[in-house]
Amino acid sequence: MAEEVEGLKILKQSKALGKLKKGDKIFINGKEMRVDSQYVFMEHGKTKEMIIEFFNSDNDREYQLRYFDDQVEMSLEVYELQEEFQYVRREPKTIAW
């Protein structure tokens, strides 16, 4: 069953999000992308703010999936890297990994 996060539906989870690593696949709106890295962005006490960097090899665009490790389903946000080295939030409809 797909979970919905403020309009973002999680269609499938092949493993825990925190276990994704370089080379794994993420699907945004059905488009396949590849994970480049995952790391702790910031620690907030016992909670960690995580970033997964991934890219679309078809158009060479880079993205980030940001989330809090203790509330994954409720905190997912997708950002796209722009030319000025600035990330802009995107609002895809579906995500799967």
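Rules used throughout
- Residues numbered from 1 in each chain as written.
- Predicted model: local features only at pLDDT ≥ 70, side-chain atom pairs only at ≥ 80, totals over all residues.
- Heavy atoms only, no water.
- Helix = DSSP H or I, 4+ residues; strand = E, 2+ residues; numbered from the N terminus.
- Rg over C-alpha atoms; globule rule 2.2 N^0.38 Å.
- Core = buried A, V, L, I, M, F, W, Y, C linked by side-chain atoms within 4.5 Å.
- Buried < 20%, exposed > 50% of the residue type's maximum accessible area, 1.4 Å probe, protein only.
- Pairing = 2+ DSSP bridges.
- Salt bridge = Lys/Arg side-chain N within 4 Å of Asp/Glu carboxyl O.

Along its length, the protein carries 1 helix and 9 strands. Its helices and strands taken in sequence order, the protein reads β-β-β-β-β-β-α-β-β-β from the N to the C terminus. The C-alpha radius of gyration computed for the protein amounts to 13 Å, which stays within 12% of the reference 13 Å derived for 97 residues, consistent with globular compactness. Structurally, the protein occupies a C-alpha span of about 35 × 35 × 25 Å along its principal axes.

Here the focus is the nonpolar core. Counting residues in each nonpolar core, the largest one holds 19 residues, and the members touching the most others are L17, I26, I52, F54, L65, L76 and I95. For this core, the secondary-structure elements that each account for two or more residues are β2 (8-12), β3 (25-28), β4 (31-44), β5 (47-56) and β6 (61-68).

Another point: the pairing of β6. As judged from the 8 bridges shared by β5 and β6, these two strands associate in the antiparallel manner. Opposite E49, over in β6, you have F68 as the bridge partner. Counting the residues between successive antiparallel strands, the hairpin from β5 to β6 contains 4 residues, one of them, D60, with a positive phi of roughly 60°. Two strands pair when backbone bridges link them, and β6 and strand β7 (residues 77-81) are joined in this way by 4 bridges, in the antiparallel orientation.

Here we take up the environment of S57. Along the chain, S57 turns up in the loop between β5 and β6. In this structure S57 comes out as partly exposed when scored by relative accessible area, which is 49%. Residues S57 and R34 lie 23 residues apart in sequence; the distance between their C-alpha atoms is 7.7 Å.

What follows deals with the pattern of salt bridges. Using the criterion set out here, one finds 8 salt bridges in the structure. Salt-bridge contacts for D36 lead to K22; the nearest nitrogen and oxygen are separated by 3.3 Å. Of this pair, D36 sits in strand β4 while K22 sits in the loop between β2 and β3, and the two are 14 residues apart along the sequence. Classification of D36 as partly exposed rests on a relative accessible area of 33%. Classification of K22 as exposed rests on a relative accessible area of 62%.

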